[in-house]
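# Examining the three-dimensional arrangement
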Amino acid sequence: MPVSGKLAARVVFITGAARGQGRSHAIGAAREGADVILTDVVAPLDGVDYELPTRDDLDQVVKEVEALGQRAIAFEADVRDLDALQAGLDAAVAELGRLDVVVANAGILGAMGKTWEVSKADWDRLIDVNLTGVWHTVKVAVPHMISAGNGGSVVLISSIAGKLGIPNVAAYVSAKHALVGLAGSLANEGAEFGIRANTVHPTNVDTPMINNPEAARLFRPDLEHPTFDDAAEPLGRINLLPVPWVQAQDITDAVLWLASDESKYVTGASIPVDAGMLSKYHG
(Lines give C-alpha, C1' and ligand atoms only; values in the text may rest on other atoms or scores of the structure.)
Protein backbone atom coordinates (compact mmCIF):
# COMPACT_ATOMS: atom_id res chain seq x y z
CA MET A 1 0.00 0.00 0.00
CA PRO A 2 1.21 3.56 -0.65
CA VAL A 3 2.93 5.33 2.23
CA SER A 4 1.02 8.55 1.58
CA GLY A 5 -0.13 8.21 -2.02
CA LYS A 6 1.54 11.46 -3.01
CA LEU A 7 2.29 10.04 -6.46
CA ALA A 8 -1.01 8.22 -6.88
CA ALA A 9 -2.19 7.79 -10.49
CA ARG A 10 1.10 9.13 -11.84
CA VAL A 11 3.65 7.50 -14.10
CA VAL A 12 7.36 7.85 -13.35
CA PHE A 13 10.17 7.15 -15.84
CA ILE A 14 13.53 6.19 -14.31
CA THR A 15 16.81 5.53 -16.11
CA GLY A 16 19.55 3.42 -14.57
CA ALA A 17 16.77 1.61 -12.73
CA ALA A 18 18.14 -1.91 -12.35
CA ARG A 19 19.89 -1.37 -9.02
CA GLY A 20 21.38 1.18 -6.65
CA GLN A 21 19.73 4.58 -6.60
CA GLY A 22 17.51 3.81 -9.59
CA ARG A 23 16.04 0.72 -7.96
CA SER A 24 15.44 2.67 -4.78
CA HIS A 25 13.68 5.46 -6.68
CA ALA A 26 11.46 2.95 -8.49
CA ILE A 27 10.36 1.17 -5.34
CA GLY A 28 9.87 4.48 -3.54
CA ALA A 29 7.68 5.81 -6.35
CA ALA A 30 5.61 2.63 -6.33
CA ARG A 31 5.11 2.86 -2.59
CA GLU A 32 3.71 6.33 -3.17
CA GLY A 33 1.18 5.01 -5.68
CA ALA A 34 2.97 5.54 -9.02
CA ASP A 35 3.30 3.19 -11.97
CA VAL A 36 6.85 3.10 -13.27
CA ILE A 37 8.76 2.83 -16.53
CA LEU A 38 12.24 1.44 -16.03
CA THR A 39 15.28 1.23 -18.24
CA ASP A 40 18.94 0.31 -17.89
CA VAL A 41 21.81 -0.76 -20.11
CA VAL A 42 22.15 -4.21 -18.41
CA ALA A 43 25.45 -4.92 -20.17
CA PRO A 44 29.16 -4.29 -19.54
CA LEU A 45 30.66 -1.04 -20.81
CA ASP A 46 34.24 -0.52 -21.89
CA GLY A 47 36.12 1.66 -19.43
CA VAL A 48 33.85 0.84 -16.47
CA ASP A 49 35.75 -1.29 -13.96
CA TYR A 50 32.88 -2.15 -11.65
CA GLU A 51 30.19 -4.71 -12.48
CA LEU A 52 27.09 -3.31 -14.17
CA PRO A 53 23.56 -4.71 -13.68
CA THR A 54 21.99 -7.55 -15.62
CA ARG A 55 18.57 -8.09 -17.14
CA ASP A 56 17.77 -10.23 -14.12
CA ASP A 57 18.39 -7.22 -11.89
CA LEU A 58 16.00 -5.12 -13.98
CA ASP A 59 13.36 -7.84 -13.96
CA GLN A 60 13.69 -8.12 -10.19
CA VAL A 61 12.83 -4.43 -9.78
CA VAL A 62 9.71 -5.02 -11.90
CA LYS A 63 8.69 -7.83 -9.54
CA GLU A 64 9.26 -5.65 -6.50
CA VAL A 65 7.15 -2.83 -7.95
CA GLU A 66 4.35 -5.22 -8.91
CA ALA A 67 4.43 -6.70 -5.41
CA LEU A 68 3.46 -3.22 -4.21
CA GLY A 69 0.39 -3.30 -6.44
CA GLN A 70 1.70 -0.97 -9.15
CA ARG A 71 2.36 -1.49 -12.84
CA ALA A 72 5.91 -1.62 -14.15
CA ILE A 73 7.26 -1.70 -17.70
CA ALA A 74 10.96 -2.29 -18.26
CA PHE A 75 13.04 -2.09 -21.40
CA GLU A 76 16.73 -2.36 -22.13
CA ALA A 77 18.44 0.75 -23.49
CA ASP A 78 21.76 2.53 -23.37
CA VAL A 79 20.98 6.20 -22.75
CA ARG A 80 23.51 7.04 -25.47
CA ASP A 81 21.17 5.36 -27.98
CA LEU A 82 18.49 7.97 -28.65
CA ASP A 83 16.46 5.73 -30.97
CA ALA A 84 16.31 2.85 -28.48
CA LEU A 85 15.35 5.20 -25.66
CA GLN A 86 12.66 6.83 -27.80
CA ALA A 87 11.17 3.52 -28.95
CA GLY A 88 11.11 2.00 -25.48
CA LEU A 89 9.56 5.03 -23.82
CA ASP A 90 6.98 5.59 -26.57
CA ALA A 91 5.76 2.01 -26.23
CA ALA A 92 5.59 2.22 -22.43
CA VAL A 93 3.72 5.53 -22.40
CA ALA A 94 1.27 4.16 -24.97
CA GLU A 95 0.51 1.29 -22.60
CA LEU A 96 0.35 3.28 -19.37
CA GLY A 97 -1.36 6.31 -20.88
CA ARG A 98 0.65 9.22 -19.50
CA LEU A 99 3.98 10.45 -18.17
CA ASP A 100 4.30 12.74 -15.16
CA VAL A 101 7.78 12.40 -13.68
CA VAL A 102 11.23 11.81 -15.16
CA VAL A 103 14.19 10.76 -13.02
CA ALA A 104 17.37 10.88 -15.12
CA ASN A 105 19.51 8.70 -12.89
CA ALA A 106 21.70 6.68 -15.28
CA GLY A 107 25.39 7.47 -14.95
CA ILE A 108 28.84 5.95 -14.72
CA LEU A 109 32.08 6.70 -12.92
CA GLY A 110 35.29 6.37 -14.87
CA ALA A 111 37.96 8.32 -16.75
CA MET A 112 40.00 8.78 -13.57
CA GLY A 113 43.32 10.57 -13.65
CA LYS A 114 44.76 14.01 -14.17
CA THR A 115 42.68 16.11 -16.54
CA TRP A 116 45.42 16.21 -19.17
CA GLU A 117 46.07 12.46 -18.90
CA VAL A 118 42.54 11.15 -19.51
CA SER A 119 42.16 9.59 -22.96
CA LYS A 120 39.71 11.03 -25.45
CA ALA A 121 37.84 7.72 -25.55
CA ASP A 122 37.38 7.73 -21.78
CA TRP A 123 36.33 11.39 -21.77
CA ASP A 124 33.84 10.89 -24.61
CA ARG A 125 32.29 7.80 -23.01
CA LEU A 126 31.65 9.50 -19.70
CA ILE A 127 30.28 12.71 -21.21
CA ASP A 128 28.11 10.69 -23.59
CA VAL A 129 26.52 8.72 -20.74
CA ASN A 130 26.40 11.30 -17.95
CA LEU A 131 25.47 14.38 -19.95
CA THR A 132 24.28 13.52 -23.45
CA GLY A 133 22.40 10.51 -22.06
CA VAL A 134 20.54 12.80 -19.67
CA TRP A 135 19.70 15.17 -22.52
CA HIS A 136 18.44 12.18 -24.52
CA THR A 137 16.24 11.25 -21.57
CA VAL A 138 14.79 14.75 -21.40
CA LYS A 139 14.39 14.91 -25.17
CA VAL A 140 12.30 11.74 -25.42
CA ALA A 141 10.30 12.30 -22.24
CA VAL A 142 9.27 15.95 -22.07
CA PRO A 143 7.11 15.89 -25.24
CA HIS A 144 5.02 13.14 -23.62
CA MET A 145 4.57 15.32 -20.53
CA ILE A 146 3.54 18.30 -22.63
CA SER A 147 1.08 16.18 -24.61
CA ALA A 148 -0.52 14.87 -21.44
CA GLY A 149 -1.12 18.43 -20.26
CA ASN A 150 -0.68 17.57 -16.58
CA GLY A 151 2.56 19.43 -15.92
CA GLY A 152 5.10 17.34 -14.13
CA SER A 153 8.57 17.10 -12.64
CA VAL A 154 11.98 16.37 -14.15
CA VAL A 155 14.67 15.35 -11.67
CA LEU A 156 18.26 15.14 -12.88
CA ILE A 157 20.58 13.19 -10.60
CA SER A 158 23.77 15.21 -10.50
CA SER A 159 26.34 14.87 -7.70
CA ILE A 160 28.09 17.00 -5.15
CA ALA A 161 30.77 16.79 -7.85
CA GLY A 162 28.41 19.04 -9.81
CA LYS A 163 29.20 21.77 -7.27
CA LEU A 164 32.90 21.19 -6.55
CA GLY A 165 36.12 20.88 -8.53
CA ILE A 166 37.11 17.40 -7.39
CA PRO A 167 40.53 16.28 -8.69
CA ASN A 168 41.15 13.25 -10.91
CA VAL A 169 37.56 12.97 -12.17
CA ALA A 170 37.33 15.97 -14.52
CA ALA A 171 34.98 14.32 -17.00
CA TYR A 172 32.58 13.28 -14.25
CA VAL A 173 32.75 16.71 -12.61
CA SER A 174 32.20 18.46 -15.95
CA ALA A 175 29.15 16.38 -16.80
CA LYS A 176 27.59 16.78 -13.37
CA HIS A 177 28.14 20.56 -13.42
CA ALA A 178 26.52 20.71 -16.85
CA LEU A 179 23.35 19.08 -15.53
CA VAL A 180 22.73 22.18 -13.42
CA GLY A 181 22.71 24.31 -16.56
CA LEU A 182 20.52 21.80 -18.37
CA ALA A 183 17.97 21.82 -15.55
CA GLY A 184 18.02 25.60 -15.42
CA SER A 185 17.25 25.93 -19.12
CA LEU A 186 14.55 23.27 -18.88
CA ALA A 187 12.98 24.99 -15.86
CA ASN A 188 12.58 28.16 -17.92
CA GLU A 189 11.31 26.33 -21.00
CA GLY A 190 8.96 24.01 -19.16
CA ALA A 191 7.29 26.55 -16.87
CA GLU A 192 4.56 27.45 -19.35
CA PHE A 193 3.56 23.78 -19.43
CA GLY A 194 3.67 23.37 -15.64
CA ILE A 195 6.83 21.27 -15.89
CA ARG A 196 9.44 21.77 -13.19
CA ALA A 197 13.13 20.77 -13.42
CA ASN A 198 15.63 20.38 -10.59
CA THR A 199 18.89 18.65 -9.77
CA VAL A 200 19.82 16.47 -6.80
CA HIS A 201 23.42 16.41 -5.57
CA PRO A 202 24.38 13.39 -3.45
CA THR A 203 27.60 12.90 -1.58
CA ASN A 204 29.03 9.36 -1.77
CA VAL A 205 26.21 6.81 -1.79
CA ASP A 206 26.57 3.16 -0.83
CA THR A 207 25.90 1.69 -4.28
CA PRO A 208 28.02 -0.47 -6.60
CA MET A 209 29.43 2.68 -8.24
CA ILE A 210 31.69 3.25 -5.24
CA ASN A 211 31.22 0.05 -3.24
CA ASN A 212 33.67 -1.96 -5.31
CA PRO A 213 37.36 -2.92 -5.16
CA GLU A 214 38.49 -0.34 -7.71
CA ALA A 215 36.94 2.54 -5.81
CA ALA A 216 38.28 1.20 -2.52
CA ARG A 217 41.80 1.28 -3.97
CA LEU A 218 41.25 4.89 -5.07
CA PHE A 219 40.33 5.92 -1.53
CA ARG A 220 42.91 3.71 0.21
CA PRO A 221 45.99 3.52 -2.05
CA ASP A 222 48.07 2.67 1.02
CA LEU A 223 46.47 -0.79 1.24
CA GLU A 224 47.10 -3.65 -1.19
CA HIS A 225 43.57 -5.11 -1.07
CA PRO A 226 41.30 -2.56 0.62
CA THR A 227 37.62 -3.17 1.20
CA PHE A 228 34.86 -0.60 1.04
CA ASP A 229 34.81 -0.52 4.84
CA ASP A 230 38.51 0.41 4.75
CA ALA A 231 37.47 3.55 2.84
CA ALA A 232 35.08 4.69 5.57
CA GLU A 233 37.64 6.83 7.40
CA PRO A 234 38.85 8.94 4.43
CA LEU A 235 35.31 9.22 3.06
CA GLY A 236 34.03 10.30 6.45
CA ARG A 237 36.49 13.19 6.53
CA ILE A 238 34.89 14.86 3.51
CA ASN A 239 31.43 15.19 5.07
CA LEU A 240 30.35 17.66 7.74
CA LEU A 241 28.02 15.17 9.42
CA PRO A 242 29.80 12.13 10.90
CA VAL A 243 28.99 9.58 8.18
CA PRO A 244 31.24 8.24 5.40
CA TRP A 245 28.39 7.80 2.93
CA VAL A 246 24.62 7.93 2.69
CA GLN A 247 22.15 5.30 1.51
CA ALA A 248 20.17 5.22 -1.73
CA GLN A 249 16.96 5.74 0.23
CA ASP A 250 18.27 9.11 1.43
CA ILE A 251 18.44 10.26 -2.19
CA THR A 252 15.06 8.71 -2.95
CA ASP A 253 13.48 10.80 -0.19
CA ALA A 254 14.61 13.98 -1.99
CA VAL A 255 13.58 12.64 -5.41
CA LEU A 256 10.07 11.77 -4.22
CA TRP A 257 9.67 15.22 -2.69
CA LEU A 258 10.69 16.86 -5.97
CA ALA A 259 8.38 14.52 -7.89
CA SER A 260 5.37 15.37 -5.74
CA ASP A 261 3.14 18.38 -5.23
CA GLU A 262 4.91 18.99 -1.94
CA SER A 263 7.53 20.84 -4.03
CA LYS A 264 5.07 22.36 -6.52
CA TYR A 265 6.80 25.75 -6.44
CA VAL A 266 10.36 24.42 -6.55
CA THR A 267 12.02 24.61 -9.97
CA GLY A 268 15.49 25.42 -11.22
CA ALA A 269 16.88 24.40 -7.82
CA SER A 270 19.92 22.33 -6.87
CA ILE A 271 19.19 20.15 -3.84
CA PRO A 272 22.25 18.78 -1.98
CA VAL A 273 21.87 15.51 -0.09
CA ASP A 274 25.48 15.56 0.92
CA ALA A 275 25.85 15.25 4.72
CA GLY A 276 27.23 18.79 4.62
CA MET A 277 30.08 18.03 2.21
CA LEU A 278 29.53 21.22 0.23
CA SER A 279 29.46 23.41 3.34
CA LYS A 280 32.35 21.83 5.22
CA TYR A 281 35.17 24.20 6.10
CA HIS A 282 38.58 22.72 5.33
CA GLY A 283 40.75 25.55 6.63
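Refer to the structure above for everything that follows.
The sections below set out a description of the structure shown in this document. Values in this document were obtained by computation on a predicted structure and should not be read as measured data.

### A look at the packing of helix α4 (residues 120–148) against helix α5 (residues 170–190)
Packing of α4 against α5 brings their axes to within 8 Å, and their N-to-C directions diverge by 20°. In terms of orientation, α4 and α5 fall into the roughly parallel class. As for how α4 packs across α5, the hand of that crossing is right-handed. Here W123, L126, I127, N130, L131, V134, W135, V138 and V142 of α4 come into contact with α5, specifically with A170, A171, Y172, S174, A175, K176, A178, L179, L182 and L186. The residue makeup of the contact of α4 with α5, split by class, is 16 nonpolar, 2 polar and 1 charged.

### Some thoughts on the sheet that holds strand β6 (residues 195–202)
Across the sheet, which stays open at both edges, the 7 strands sit in the order β3-β2-β1-β4-β5-β6-β7 with parallel pairing between neighbours. Each end of this open sheet is capped by a strand with a single partner; those strands are β3 (72–76) and β7 (270–273). Neighbour to neighbour, the strand axes of the sheet diverge by 15° on average, direction disregarded. The pairing of strand β1 (residues 11–15) with strand β4 (residues 101–104) spans 3 bridges and is parallel. For F13, the partnering residue across the bridge sits in β4 and is V102.

### Points about the pattern of salt bridges
Scanning the model with the defined rule gives 13 salt bridges in all. Each of R55, D59 and E76 takes part in one network of salt bridges that share partners.

### Points about the pairing of strand β5 (residues 152–157)
Here β5 lies mainly inside the structure; 6 of its 6 residues are buried. Considered for its hand, the β-α-β crossover made up of β4, α4 and β5 is right-handed. In this structure, β5 lies alongside β6, joined through 6 bridges in parallel fashion. Paired with I157 across the strands is V200, a residue of β6.

### Thoughts on the packing of aromatic side chains
The full count for this structure, using the stated rule, is 2 aromatic pairs. Ring centres of F13 and F75 lie 6.3 Å apart, and the angle between their planes is 15°; on these two criteria the pair is classed as stacked. Of this pair, F13 sits in strand β1 while F75 sits in strand β3; the two residues are 62 residues apart in sequence, bridging distant segments of the chain. Comparing F13 with F75, the two get one shared label, buried. When the ring of F228 is compared with that of W245, the centres are 4.0 Å apart and the planes differ by 20°; the resulting orientation is stacked.

### Digging into the environment of A259
Tracing the backbone through its elements, the reader meets A259 in helix α8 (residues 248–259). A relative accessible area of 4% means that A259 is categorised as buried. The sequence separation of A259 and V102 amounts to 157 residues, and the corresponding C-alpha distance is 8.3 Å. Ignoring any residue separated from it by four or fewer positions in sequence, one finds A259 in contact with L7, R10, V101, S153 and R196.

### Topic: the side chain of T15
With respect to the helices and strands, T15 occurs in strand β1. When near neighbours in sequence (up to four residues on either side) are disregarded, T15 contacts T39, V79, V103, A104, N105, A106 and T137.

### Points about unusual backbone geometry
Phi angles above zero are rare outside glycine, and V42 is one such case at about 40°. With respect to the helices and strands, the residue V42 is situated in the loop between β2 (35–40) and α2 (55–67).

Rules used in this analysis
Residues numbered from 1 in each chain as written. Predicted model: local features only at pLDDT ≥ 70, side-chain atom pairs only at ≥ 80, totals over all residues. Heavy atoms only, no water. Axes fitted to C-alpha atoms, helices over the stretch in contact; angles between N-to-C directions. Helix = DSSP H or I, 4+ residues; strand = E, 2+ residues; numbered from the N terminus. Parallel < 35°, antiparallel > 145°, perpendicular 65-115°, else oblique. Left-handed = near helix turned anticlockwise from the far one by under 90°. Contact = heavy atoms within 4.5 Å. Nonpolar A, V, L, I, M, F, W, Y, C, P; charged D, E, K, R; others polar. Pairing = 2+ DSSP bridges. Salt bridge = Lys/Arg side-chain N within 4 Å of Asp/Glu carboxyl O. Buried < 20%, exposed > 50% of the residue type's maximum accessible area, 1.4 Å probe, protein only. Right-handed = clockwise from strand over helix to strand, strands pointing away. Phe/Tyr/Trp six-rings, centres within 6.5 Å; stacked < 30°, edge-to-face > 60°.

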